[in-house]
Amino acid sequence: DIFCGGANVIVNVEAKELIGVDINNKVISLFVYFKNTKEDVILNEISNVIRHYGLSESNLNSYESYGCNSSDGLGVFNKIKYAALRNDYNSENYIFEKNIMFFVLVVFGFNNQIRFNSQNKFNIPVGKRDFNEKIKANLEKFLIAIKTKNISFINKSYKEIEINEGFVYADPPYLISNATYNESGGWCKNKE
């Protein structure tokens, strides 16, 4: 998968060997960390980051206990706390494992998107969700898949990949829409 992104395809395919390629080094670093780290360590680190920054835990407390409701989400409660986490991450003040800090930013960020500005700073605003039971269950399934399948992750551009054999899955960014991956010329007509 030469544009693996969230690795949804690669964790759901059966093959002897799977290779996920993406140009985003932070995404690939996260997947390598997940593959090489025990699940209980990962979940404990996620909890430590959430608690350190005082972010919401809707799996333990009601929305009302945060002064929020399920329709509007948890953004109002998490906004300042999320900004503190994002600032520490962008300042490379890695109080915790940097990959886990990145993951928590994505989970608590707007629509779980990933975007970095021209200074390579993560700049997604806070979202409505948190690390709830559904996201935790999906993460646990994902961890099982990348730990039990023969998957490797490579941080390269699609242009650098040489393919000699096998099946290649290529789902490049969408040119016809404006998304975080192409709003600053990340994907354009020439690359298409």
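All values derive from a computational prediction rather than experimental measurement. Within each chain, residue numbers correspond to sequence positions counted from 1 in written order. Where local features are concerned, this predicted model is filtered to residues with pLDDT of at least 70; where side-chain atom pairs are given and counted, the filter is 80 or more; whole-chain, interface and lining totals use all residues. Excluding hydrogens and water, the side-chain values take into account all heavy atoms of the structure.

What follows covers the overall build of the chain. The helix and strand tally for the chain stands at five helices and two strands. The helix and strand labels rest on DSSP assignments: H or I over at least four residues marks a helix, E over at least two residues marks a strand, and numbering proceeds from the N terminus. Helices and strands appear in the chain in the N-to-C order β-α-α-α-α-α-β. The principal-axis extents of the C-alpha atoms in the chain amount to approximately 55 × 35 × 35 Å. The buried share among the 192 residues of the chain stands at 39%. Here's how the labels work: a residue is buried when its accessible area is under 20% of the maximum for its type, exposed when over 50%, partly exposed in between, all with a 1.4 Å probe on protein chains only.

Next up on the list: the pattern of salt bridges. Any Lys or Arg side-chain nitrogen located within 4 Å of an Asp or Glu carboxyl oxygen qualifies as a salt bridge. Counted under the stated rule, the structure contains two salt bridges. Of the charged contacts, one joins R51 and E57 as a salt bridge, the two residues approaching to 3.3 Å between their closest N and O atoms. For E57, a relative accessible area of 14% corresponds to the buried category.

Before going further, it helps to spend a moment on the layout of surface pockets. Cavity: a set of points on a 1 Å grid over the protein atoms alone where a 1.4 Å probe fits but cannot get out. Pocket: an open set with protein on both sides within 12 Å along at least five of seven lines, its lining residues, like those of a cavity, having an atom within 4 Å of a point. Grid points are joined across faces, edges and corners, and a volume is the space filled by probe spheres set on the points. Approximately 570 Å³ is the volume attributed to the second largest pocket. Lining of the second largest pocket is provided by 21 residues; of these, D1, E17, L18, I19 and F167 occupy positions nearest its centre. By residue number, the principal contributor to the lining of the second largest pocket is strand β1 (residues 18-22), which donates three residues. Residues that form the lining of the second largest pocket fall into these classes: 14 nonpolar, two polar and five charged. The classification used treats Ala, Val, Leu, Ile, Met, Phe, Trp, Tyr, Cys and Pro as nonpolar, Asp, Glu, Lys and Arg as charged, and all other residues, Gly among them, as polar.

Turning our attention to the nonpolar core. Nonpolar core, defined: a set of buried Ala, Val, Leu, Ile, Met, Phe, Trp, Tyr and Cys residues in which side-chain atoms within 4.5 Å join the residues together. Counting 44 residues, the largest nonpolar core has F34, I46, V104, F122, F131 and L139 as the members making the most contacts within it. Of all the elements in the fold, those that place two or more residues in this core are α1 (25-36), α2 (39-53), α3 (75-90), α4 (98-108), α5 (133-148) and β2 (151-155). Of all the elements, α4 adds the most residues to this core, at nine residues. Only heavy atoms matter for contacts: two residues are in contact if any of them lie within 4.5 Å across the pair. Setting aside chain neighbours within four positions, we find F122 in contact with Y82, R86, Y89, N90, F102, L105, V106, Q113, I114, R115 and F116.

Axes here mean lines fitted to C-alpha atoms, for a helix over just the part in contact, with angles spanning 0 to 180 degrees between N-to-C directions. Relative to each other, α2 and α4 sit at 65 degrees, their axes nearing to 10 Å. Here α2 lies roughly perpendicular to α4, going by the angle between them. Handedness of the crossing formed by α2 with α4: right-handed. Between α2 and α4, the contacting residues are I42, E45, I46, V49, I50 and Y53 on the first element and I100, M101, F103, V104 and F108 on the second. Each residue belonging to the contact of α2 with α4 can be placed in one class, and the counts come to 10 nonpolar, no polar and one charged. Angle categories: roughly parallel below 35 degrees, roughly antiparallel above 145, roughly perpendicular from 65 to 115, and oblique for all the rest. A crossing counts as left-handed when the near helix is turned anticlockwise from the far one by less than a right angle, and as right-handed when that turn is clockwise.

Attention shifts here to the environment of Q119. You can see Q119 is positioned in the loop between α4 and α5. Overall, the relative accessible area of 55% leaves Q119 in the exposed class. Sequence spacing of Q119 and K79 is 40 residues, and the spatial spacing of their C-alpha atoms is 22 Å.

With 12 residues, α1 should reach 16 Å at 1.5 Å per residue; the first-to-last C-alpha distance of 16 Å fits that figure. Within α1, the full set of buried residues consists of K26, V27, I28, L30, F31, Y33 and F34. Packed against the buried residues of α1 are β1, α2, α3, α4, α5 and β2. Multiply 1.5 Å by the residue count of a helix minus one, and that product is the helix's expected span.

The backbone of A7 shows a phi angle near 65 degrees, a positive value even though the residue is not glycine. Mapped onto the secondary structure, A7 falls in the segment before β1. The class of A7 is buried, set by a relative accessible area of 0%. The backbone phi angle of N111 is positive, close to 50 degrees, even though this residue is not glycine. We classify N111 as partly exposed; its relative accessible area is 43%.

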